[in-house]
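# Geometric and topological summary
Now for the letters of each chain:
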Amino acid sequence: MENIKERNVNDTYNDFLETTYRPRTWVIQKIESMIEKLLFDIAKKRPPVINSVSNIKCKENHSRYDAQSGIIRRKNNNLSNKQIQFLSTKNPKTFVIMIRILDICHELLIQNITATKRDIYYKDVKLFGNSQTVDLVIDELACFFQIPRSCLNVIASAKGLVAGSLKIIQKDRSILDCSKTSCNISIYIIEQNARTIWTLHLNYSVAKGIRFDIATRQLVKNLSDLRRPDESCPFLQILGFFDNDPYGIEILCVYKFGSLTMSFDNENLATPGIKWLGLHCSDWKKYRISKSSLIRISSADRKKAYHLLQRNYLQAEWKKEICLILYMGYKAEIQSLNDCENVNLLSYLVSKINYIRF
Amino acid sequence: MSLQFISFVEKPKAHKSQIWSVRWSPSGNVVASGSLDNEIKIWEAQSGEHYRTLEGHILAVTGLDINPTGKILISISFDNTIKRWDILEGNLINDIETKPGEVCCGQYNKDGKYFATASQHGTIDLRNDSNLEEIVATYTSEGKYGLCCRFSPDNKILALSTDNDKIYLFDVESTKVLHKLSGHSGNPIRCLDFTPDGKHLISGSDDETINIYDVKHGNQISKCTGHEGYVMCVAAASDNKHFVSGSTDCKIKLWQLPEKNEKTQVVDTIEEHKETVSCISWSPDGDKFVVGTDNLLLKWYCVAK
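Thresholds, definitions, all that
Residues numbered from 1 in each chain as written. Chains lettered and ligands numbered in written order. Predicted model: local features only at pLDDT ≥ 70, side-chain atom pairs only at ≥ 80, totals over all residues. Heavy atoms only, no water. Salt bridge = Lys/Arg side-chain N within 4 Å of Asp/Glu carboxyl O. Helix = DSSP H or I, 4+ residues; strand = E, 2+ residues; numbered from the N terminus. Buried < 20%, exposed > 50% of the residue type's maximum accessible area, 1.4 Å probe, protein only. Axes fitted to C-alpha atoms, helices over the stretch in contact; angles between N-to-C directions. Parallel < 35°, antiparallel > 145°, perpendicular 65-115°, else oblique. Left-handed = near helix turned anticlockwise from the far one by under 90°. Contact = heavy atoms within 4.5 Å. Nonpolar A, V, L, I, M, F, W, Y, C, P; charged D, E, K, R; others polar. Phe/Tyr/Trp six-rings, centres within 6.5 Å; stacked < 30°, edge-to-face > 60°. Lys NZ or Arg CZ within 6 Å of the ring centre and 35° of its normal. pLDDT = per-residue confidence, 0-100. Polar contact = N/O pair within 3.5 Å; in protein donor to acceptor, adjacent residues only side chain to side chain. Domains from an automatic or database assignment. Buried area = accessible area lost by both parts, 1.4 Å probe. Pairing = 2+ DSSP bridges. Disulfide = S-S within 2.5 Å. Expected span 1.5 Å × (residues − 1). UniProt positions renumbered as here; feature names shortened; annotations may be inferred.

## Structural notes on the pattern of salt bridges
Taken as a whole and judged by the stated rule, the model has 35 salt bridges over all chains. Glu 18 of chain A is the salt-bridge partner of Arg 73 of chain A, the closest N and O atoms lying 3.9 Å from each other. Of this pair, Arg 73 of chain A sits in strand β3 (residues 71-74) while Glu 18 of chain A is found in the segment before α1 (24-43), placing the two residues 55 residues apart along the sequence. Take Glu 18 of chain A: its relative accessible area is 26%, and that puts it in the partly exposed class. A salt bridge links Arg 73 of chain A to Asp 66 of chain A, with the nearest nitrogen and oxygen atoms 3.3 Å apart. Summarising the burial analysis for this pair, Arg 73 of chain A and Asp 66 of chain A share the class buried. The network of salt bridges with common partners includes Arg 296 and Arg 302 of chain A together with Asp 163, Arg 190 and Asp 206 of chain B.

Next comes the structure, spelled out in structure tokens:
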């Protein structure tokens, strides 16, 4: 049975989708119901149709910013907007791919083992074509069932993404020692006045169409939620440090508000408390970043900047930074700090921490 | 003849953020300033007293101009609107929606009937002042991103400077390209101004230099070095012999145009500012100008002999 919230006089109506953690048996039962429906269709001599949901169709409309939680969330309407037909002429493989994924997830759940999306992709490379297809279908299934992806026993692979003086003790008691890997993210732990501040340093390479890594977002979210037993406030302040360009700012926004495609699960993925440490336009002059490190922005940068400016819920300081990039027409990468005479990465971070405003 | 700057009015914290555009009204009575803080402020021209604030833009004001009668102000912003205001009454008359990148800068023509806007495709749209959505002519170039557009004093030529070191001089009537100029080593050319006699065009660029071009023949006659930062603004003085410039090196320079084969010289430099001097505007009687800086400061100067 669906978990329907009762409406109290004092409650606001639930405009947004919520994902709920479901036990294995519940999910198994859901998958089996979907297959049963197909068998029923066939028995009634009707062409089988799978009802699902699309995360990419109408991306701008299916979600919106929720001021209360401070993140982008999926609207609670029009959920089943995708029909996968067996007899589709446009995309005959879609139906088969969906069945195969349902099959694989069902098997994982029955045996109670987990797999990554990549593992699943490798089970039938020829059918799936590419790993993005697998990602998409699994996320759509999770959205349709209104569960976090982990309830399908599909876990995100986080290998080699985090480095720094951090050790993560996982549920199965194995330890992930991040000091030994080199990768996309560094976490600097800086002690200051008995407060521990963690700085996230993203060193990503933006290839076209790359999906914002879910594993990393989950890790950051989990870190930001850590609290000491007797305190109600989180004891870690998450600071984001990105390139001073529209793409870097977009990644910052994905960390803070969540993405549109995963909006149904942003409560578990977004870190609304993240603050923007840098790189900022005001840093160019302050830290004497040499003019030769500044790069002229491209028309793609401009387009992205205009797009970001249309998000009304961005704070004024963030909008101003985007306007500054557009107006001056330059961007700077984190590497430009290496070209400065009077500052290096670490001294920049330590100095900037004292000035966190936004 | 030696000229000097004397400051007579100063307005610190004139805005809450960087001041990106300033314009002394052609009727002489007010000065308008536009800022990253989304606001436009109107100041009494002689005393600098704050007259009123025009609120309405929801993102940075990137440019503004006042029509020849001094009654109407048009503002451009990153919020993708062009707003047309009655300066004296302080109300918004027209609010035009544009697409992102469609309007990057703009200027009234000399009789105030038309308003030209440059776009991110290096084109200029000539709009009807009474109906800004009506585009009466379009000027196209191969330029990338129009940074500044300027009418010549006789209204016959439209100049456009671009992000990729190109200046196009269009014939306003026929829309044909009269001259294609270059000369800033591939750098963006942020500002242009014609001398009042229309003979010369002054351009300022990120290569830290200012070029002087002969408009009729379409050739560069001088290169002015001296700034140590991007040249953000240039403005020709009414005597056809001088011009001022502001830069990210925080300095304002007063230059004397060359006679015959002489070099352009710096007559005076103001070094008191701590932040970028973004915009400059002369008074209609030509002996005073006002600057806006990144330090939220508006300052008035007069030029004395």
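Okay, back to it.
## Structural notes on the packing of helix α10 (residues 299-309) of chain A against helix α11 (residues 316-328) of chain A
All names here are of chain A. Running from N to C, α10 and α11 point in directions that differ by 155°, and their axes come no closer than 10 Å. Our classification of the angle between α10 and α11 gives roughly antiparallel. For the pair α10 and α11, the crossing hand works out as left-handed. Between α10 and α11, the contacting residues are Arg 302, Ala 305, Tyr 306, Leu 308 and Leu 309 on the first element and Lys 319, Ile 322, Cys 323 and Leu 326 on the second. Here the residues of the contact of α10 with α11 sort into seven nonpolar, no polar and two charged.

## Structural notes on the packing of aromatic side chains
All names here are of chain A. Scanning the model with the defined rule gives 22 aromatic pairs over all chains in all. A centroid spacing of 4.9 Å and a plane angle of 65° characterise the contact between Tyr 287 and Tyr 348, whose relative ring orientation is edge-to-face. Of the two residues, Tyr 287 sits in the loop between α9 (282-286) and β14 (295-296) while Tyr 348 sits in helix α12 (residues 345-353), which places them 61 residues apart along the sequence. For the residue pair Tyr 287 and Tyr 348, the accessibility class agrees, reading buried in each case. Cluster of aromatic residues (ring-pair linked, three or more members): Tyr 65, Phe 257, Trp 276, Tyr 313 and Trp 318. The ring of Tyr 330 has Arg 296 lying over it, and the distance from NZ or CZ to the ring centre is 4.7 Å.

## Considering the confidence of the model for chain A
Looking at chain A, pLDDT values average 79 and 79% of them are 70 or higher. Low pLDDT, under 50, characterises residues 202-211 of chain A; the stretch is placed with 21 contacts to residues that sit more than four places away or in other chains.

## A word on the interface of chain A and chain B
Residue-level contacts link 16 residues of chain A with 28 residues of chain B. The interface formed by chain A and chain B contains four salt bridges. Where Arg 296 of chain A meets Asp 206 of chain B, a salt bridge forms, and the shortest distance between an N and an O atom there is 4.0 Å. The tally of links between chain A and chain B comes to nine residue pairs in polar contact (both at pLDDT 80 or more). Counting residues per element, the ones that place at least two in the side of chain A that touches chain B are α10 and α11 of chain A. Looking at the side of chain A that touches chain B, the element that brings in the most residues is α11 of chain A, giving seven residues. Its residues placed into classes, the side of chain A that touches chain B shows nine nonpolar, one polar and six charged.

## A short note on the domain arrangement of chain A
Residue and element names in this part refer to chain A. According to the domain assignment, chain A consists of domain 1 (5-155) and domain 2 (161-357). With 25 residues of domain 1 at the contact, the number on the domain 2 side is 21 residues. Where domain 1 abuts domain 2, roughly 1900 Å² becomes buried across the two surfaces, and 59% of that area is made up of carbon and sulfur atoms. Our enumeration of links across domain 1 and domain 2 arrives at six residue pairs in polar contact (both at pLDDT 80 or more).

## Looking at the sheet that holds strand β18 (residues 189-194) of chain B
In a beta sheet, neighbouring strands are held together by backbone hydrogen bonds and run either parallel or antiparallel to one another. All names here are of chain B. Strand order in this open sheet of four strands is β18-β19-β20-β21, and the pairing throughout is antiparallel. Where the open sheet ends on each side, the last strands, each with one partner, are β18 and β21 (219-224). Here the strands of the sheet are splayed against their neighbours by 25° on average, with no regard to which way each runs. For strand β20 (residues 210-214) and β21, the ladder comprises five bridges, and the chain directions are antiparallel. Residue Ile 212 lies in a different strand from β21, and its bridge partner there is Ser 222.

## A look at the state of the cysteines
Residue and element names in this part refer to chain B. One pass over the structure, following the stated rule, counts zero disulfides over all chains. Cys 105 takes part in no disulfide bond, and the closest cysteine sulfur, belonging to Cys 149, lies 4.2 Å away. Classification of Cys 105 by relative accessible area gives buried; the value is 11%. With no disulfide partner, Cys 233 has as its closest neighbouring cysteine sulfur the one in Cys 191, 6.2 Å distant.

## Points about helix α7 (residues 246-257) of chain A
Residues and elements named next belong to chain A. Over its 12 residues, α7 runs 16 Å from end to end, which matches the ideal 16 Å to within 8%, given 1.5 Å per residue. The buried fraction of α7 is high, at 11 of 12 residues. Along α7, the positions that sit buried rather than exposed are Pro 246, Gly 248, Ile 249, Glu 250, Ile 251, Leu 252, Cys 253, Val 254, Tyr 255, Lys 256 and Phe 257. A positive backbone phi angle near 95° is found at Gly 258, which sits one or two residues after α7.

## Digging into the UniProt feature "active site" (unreviewed entry) in chain A
Residues annotated by UniProt as "active site" (unreviewed entry) correspond here to Tyr 122 of chain A. Mapping Tyr 122 of chain A onto the fold places it in helix α3 (residues 117-123).

## Regarding the UniProt feature "domain: Spo11/DNA topoisomerase VI subunit A N-terminal" (unreviewed entry) in chain A
Listed under "domain: Spo11/DNA topoisomerase VI subunit A N-terminal" (unreviewed entry) in the UniProt record, and renumbered for this structure, are residues 93-154 of chain A. Along residues 93-154 of chain A one finds 73% helix and 5% strand; the C-alpha atoms at either end are 22 Å apart.

## Considerations on the UniProt feature "domain: Anaphase-promoting complex subunit 4-like WD40" (unreviewed entry) in chain B
Feature annotation in UniProt places "domain: Anaphase-promoting complex subunit 4-like WD40" (unreviewed entry) on residues 150-235 of chain B, given in this structure's numbering. This span, residues 150-235 of chain B, is 0% helix and 53% strand, and a straight line between its end C-alpha atoms measures 11 Å.

## A few points about the packing of α1 of chain A against helix α2 (residues 92-111) of chain A
All names here are of chain A. Look at α1 against α2: their axes get within 10 Å of each other, and the N-to-C directions meet at 145°. The handedness of the crossing between α1 and α2 is left-handed. For the pair formed by α1 and α2, the contact residues are Arg 24, Val 27, Ile 28, Ile 31, Glu 32, Met 34, Ile 35 and Leu 38 on the first element and Phe 95, Ile 99, Leu 102, Cys 105, His 106, Leu 109 and Ile 110 on the second. Of the residues contributing to the contact of α1 with α2, the split by class is 12 nonpolar, one polar and two charged.

## With respect to the sheet that holds strand β11 (residues 114-118) of chain B
Residue and element names in this part refer to chain B. Strand order in the open sheet formed by four strands is β10-β11-β12-β13, with antiparallel pairing between adjacent strands. Of all strands in the sheet, those bounded by a partner on one side alone are β10 (105-108) and β13 (131-139). When the angles between neighbouring strand axes are averaged without regard to direction, this sheet yields 30°. As paired strands, β11 and strand β12 (residues 124-128) are joined by five bridges and run antiparallel to one another. The residue of β12 that forms the bridge with Ala 118 is Ile 124.

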